[in-house]
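# Topology and contacts: notes
Chain by chain, the residues:
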Amino acid sequence: MLEVLPQPPPPSAARLATAALLAALAAFASAEPADDGPSPGASPVLEPGQTTVRARYWTGAPALDPALYTVDAGGSVTASDLRPSSALAGEMRAKFDSAGVVHVTNTGLADMGLQRELAR
């Protein structure tokens with residue numbers, strides 16, 4: 001059965017999410033920060049004379065607050081939760097519209113097909 005997918009987030013939400021992700025990527029990829037911070041106008045990713053980006057995979061704190069994009073499914077997702085009109089789907093859509101990403105936890109789903117259906 002084919003379903004119509006929801007519309008993409010409004011441009012303002014998409015721009016906000018893109019800006020937040022770019023800022024997070026710049027923070028992860030930047031060289032070790034100086035004690036007094038970067039100089040005005042300096043690139044947050046490359047130091048003067050540096051030609052490659054050194055990846056920083058973990059800084060000790062999440063780049064974005066997980067509460068902005070995490071949905072706790074409560075431990076047991078049912079078939080009715082997989083419908084686009086369900087409360088769970090509405091919460092997922094709202095998180096995606098505001099953050100540009102969704103992470104659903106505590107689903108209780110072991111079947112990959114059902115997990116895939118939840119992701120749609």
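Residues numbered from 1 in each chain as written. Predicted model: local features only at pLDDT ≥ 70, side-chain atom pairs only at ≥ 80, totals over all residues. Heavy atoms only, no water.

Attention now moves to the overall build of the protein chain. The helix and strand tally for the protein chain stands at three helices and two strands. Helices and strands appear in the protein chain in the N-to-C order α-β-α-β-α. Taking the contacts inside the protein chain whose residues are at least 6 apart along the sequence as the reference set, 67% of them involve residues at least 24 apart. Surface accessibility of the protein chain: about 8,700 Å² in total, with carbon and sulfur atoms responsible for 61%. (Helix = DSSP H or I, 4+ residues; strand = E, 2+ residues; numbered from the N terminus. Contact = heavy atoms within 4.5 Å. Areas by Shrake-Rupley, 256 points an atom, 1.4 Å probe, with all protein chains shown as cover.)

Positive phi outside glycine occurs at Asn-106, with the angle close to 55 degrees. With respect to the helices and strands, the residue Asn-106 is situated in the loop between strand E2 (103-105) and helix H3 (112-119).

If you look at soluble globular proteins, the nonpolar side chains tend to sit buried side by side. Membership of the largest hydrophobic core is limited to eight residues, which are Val-71, Ala-73, Val-77, Leu-82, Leu-88, Met-92, Leu-109 and Leu-118. The residues touching Val-71, leaving out its near neighbours within four places in the chain, are Leu-88, Glu-91, Met-92, Lys-95, Val-102, His-103, Val-104 and Thr-105. (Core = buried A, V, L, I, M, F, W, Y, C linked by side-chain atoms within 4.5 Å. Buried < 20%, exposed > 50% of the residue type's maximum accessible area, 1.4 Å probe, protein only.)

Let us look at the pattern of salt bridges. Applying the stated criterion across every chain yields a total of one salt bridge. Linking Arg-120 and Glu-117 is a salt bridge whose minimum nitrogen-to-oxygen distance equals 4.0 Å. (Salt bridge = Lys/Arg side-chain N within 4 Å of Asp/Glu carboxyl O.)

Below, the discussion takes up the side chain of Ser-86. Secondary-structure assignment places Ser-86 in the loop between strand E1 (70-72) and helix H2 (87-99). Those residues in contact with Ser-86 that lie beyond four places of it in its chain are Ser-80 and Asp-81.

The terminal C-alpha atoms of H2 lie 18 Å apart, and with 13 residues this matches the ideal 18 Å at 1.5 Å per residue to within 8%. By the burial criterion, the buried members of H2 are Leu-88, Ala-89, Met-92, Lys-95 and Ala-99. The buried residues of H2 occupy an angular sector of 125 degrees when projected down its axis, which confines them to one face. Positive phi shows up at Gly-100, right after H2, with a value of about 85 degrees. (Expected span 1.5 Å × (residues − 1). Arc of directions from axis to C-beta.)

What follows is about the confidence of the model for the protein chain. In this model, the protein chain carries a mean pLDDT of 76, and residues with pLDDT of at least 70 account for 74%. Within the model, pLDDT remains below 50 along residues 33-37, and this stretch shows one contact once partners closer than five positions in the same chain are excluded. (pLDDT = per-residue confidence, 0-100.)

Below, the discussion takes up the side chain of Thr-107. For Thr-107, the position within the fold is in the loop between E2 and H3. With a relative accessible area of 15%, Thr-107 lands in the buried category. When residues no more than four places from it in sequence are discounted, the contact partners of Thr-107 are Ala-73, Gly-75, Ser-76, Val-77 and Leu-118.

Note on placement: Ala-79 falls in the loop between E1 and H2. Taking C-alpha positions, Ala-79 is 9.8 Å from Glu-117, a pair spaced 38 residues apart along the chain.

What follows is about the environment of Ala-55. Structurally, Ala-55 is set in the loop between helix H1 (11-29) and E1. When its relative accessible area of 45% is taken as the criterion, Ala-55 is described as partly exposed.

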